[in-house]
Every structure is written in structure tokens, then in C-alpha cells.
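Notes for the structure review
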Amino acid sequence: MIGLLVLVILVATVATALFGLVTTALNRPPDQVHRIAVGICEVLLVGQAVLAAFRVFGGVTLPEQSTFLIYLVVSVCVMPIALQFATAEPTRWGGAVIAIGAIGTAVAVLRLQGLWAAGGV
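All of the points below concern the structure found in this document. As the structure is a computational prediction, the values presented were derived from the model and not from experiment. (Residues numbered from 1 in each chain as written. Predicted model: local features only at pLDDT ≥ 70, side-chain atom pairs only at ≥ 80, totals over all residues. Heavy atoms only, no water.)

1. Comments concerning the environment of A52
Operational definition: Secondary structure is summarised from DSSP: a helix means a run of H or I of at least four residues, a strand means a run of E of at least two, and numbering begins at the N terminus for each. Only protein chains enter the accessibility calculation, which uses a 1.4 Å probe; a residue whose area is less than 20% of its type maximum is buried, one above 50% is exposed, and one in between is partly exposed.
Looking at the element boundaries, A52 is found in helix α2 (residues 32-57). With a relative accessible area of 2%, A52 lands in the buried category. Sequence separation between A52 and F68 is 16 residues; the distance between their C-alpha atoms is 9.5 Å.

Below, the structure is given as C-alpha cells:
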């Protein structure tokens, strides 16, 4: 995995989480800006997933390869699901739902990095 990409993803997910919490505190439902923030995170996550999948299926062996691949799929799926839940019934709590999804995604990305580093790659 590319360390700089991991850092950019972590910054994007933490910024999205903070934005969601701020809009919740301001009593505002999710809007187009939330969709854009989640979209940016998702583009980064898909890019990371594609790069990591190519490397894993291209011959890189990891001690916990199946766990790594599961975390890879989870990291890509959480943010769109959170956005769907947040916008299905727009209330002030939609931002908090997005924030929780972003925090969960950040944790998954950190775990991915740990699994990759454990493989010595």
C-alpha cells in the first residue's frame, strides 16, 4: 500500500467526520456538500483498493491475506452505506451518521495499513 495515499485518505475521512459532526451541532440535514465529501473519500478508497488488489493478486503474500481483503472491501462499502442512511430521511442526525461511517472507514484503513506492514511489504 502507498503510505502517502493512506495519509490522504485518513485526512479526508477525519475531515468528513468533523464536517458531519459540525453540521449535526448546527442542526442541518445532509446536503450536496456531504455527498461531495463522501464522494471524494470514496474515489480515494476505490483507488487504494484497486492498487492493493492488483498487488495482492499479483503475487504479494500477506500473513492474513483473507482478513486484508475483507477489510479492503469494507473500507470501500461503509461510506456509501452511511450516506444512504443519512439521506434516506434527512434530519439533523444525518451528519452524525456520516461522521460515524467516516470514523469506521478510517479505522478500517488503519487496520489495512497494519496488516500490510505485518506482511513486510
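Back to the text.
2. Some points on α2
So the rule is basically this: For a helix, the expected span equals 1.5 Å multiplied by the number of residues minus one. Residue contacts follow a heavy-atom distance rule, with two residues in contact if any of their heavy atoms lie within 4.5 Å.
The terminal C-alpha atoms of α2 lie 37 Å apart, and with 26 residues this matches the ideal 38 Å at 1.5 Å per residue to within 8%. Turning to α2, its buried residues number three or more, namely H34, A37, V38, C41, E42, L44, L45, Q48, A49, A52, A53 and V56. Check the buried side of α2 and you find it contacts α1 (3-25), α3 (65-88) and α4 (94-118). Of the residues trailing α2, G59 is marked for its positive phi of about 130°.

3. Looking at the nonpolar core
Note the following rule: The criterion is simple. A nonpolar core is a set of buried Ala, Val, Leu, Ile, Met, Phe, Trp, Tyr and Cys residues joined through side-chain atoms within 4.5 Å.
The biggest cluster of nonpolar side chains holds 18 residues, and the ones touching the most others in it are I9, M79 and V109. Looking at this core, the elements that each hand over two or more residues are α1, α2, α3 and α4. Here this core takes six residues from α1, the largest share from any one element. Ignoring any residue separated from it by four or fewer positions in sequence, one finds I9 in contact with L44, L45, Q48 and V109. Listed in part, the twelve residues of the second largest apolar core include V60, L62, F68 and V76.

4. Comments concerning the environment of C77
Its place among the elements puts C77 in helix α3. Once the C-alpha coordinates of C77 and L110 are considered, the two residues, 33 residues apart in sequence, prove to be 16 Å apart.

5. Structural notes on α4
With 25 residues, α4 extends 36 Å from end C-alpha to end C-alpha; this agrees with the ideal 36 Å at 1.5 Å per step. The first or second residue beyond α4 is G120, which carries a positive phi of 70°.

6. Let's talk about the side chain of E42
Put simply, the rule reads: Under this rule, positive means Lys or Arg and negative means Asp or Glu; His and the chain ends count for nothing. When a carboxyl oxygen of Asp or Glu is within 4 Å of a side-chain nitrogen of Lys or Arg, the pair counts as a salt bridge.
Structurally, the position occupied by E42 is in helix α2. In this structure E42 is buried but unpaired, with R35 as the nearest side chain of opposite charge at 14 Å. Excluding residues that lie within four positions of it along the chain, E42 makes contacts with V76, M79 and P80.

7. So, the state of the cysteines
Each disulfide consists of one covalent bond between the sulfur atoms belonging to two cysteines. For clarity, the threshold we go by: The criterion for a disulfide is a pair of cysteine sulfur atoms lying within 2.5 Å.
All chains considered together, the criterion is met by zero disulfides. Left without a disulfide partner, C77 is nearest to the cysteine sulfur of C41, which lies 15 Å away. A relative accessible area of 36% places C77 in the partly exposed class.

8. Digging into the packing of α2 against α4
The following threshold applies: Lines fitted to C-alpha atoms define the axes here, with helix axes fitted over just the stretch in contact, and angles between the N-to-C directions of these axes take values from 0 to 180 degrees. Each angle is binned into one of four classes, with values under 35 degrees roughly parallel, values over 145 roughly antiparallel, values of 65 to 115 roughly perpendicular, and all other values oblique. Each crossing is labelled by how the near helix is turned from the far one, with a counterclockwise turn of less than a right angle marking it left-handed and a clockwise turn marking it right-handed. Residue type decides the class: Asp, Glu, Lys and Arg count as charged, Ala, Val, Leu, Ile, Met, Phe, Trp, Tyr, Cys and Pro as nonpolar, and the leftover types, Gly among them, as polar.
Two numbers describe how α2 lies on α4: the axes approach to 12 Å, and their chain directions differ by 20°. Considering the angle they form, α2 stands roughly parallel to α4. Helix-helix and strand crossings are classified by hand; for α2 and α4 the assignment is left-handed. On α4, the residues touching H34, V38, L45, Q48, R55 and V56 of α2 are G95, I98, T105, V109, L112 and W116. Looking at the contact of α2 with α4, its residues break down into seven nonpolar, four polar and one charged.

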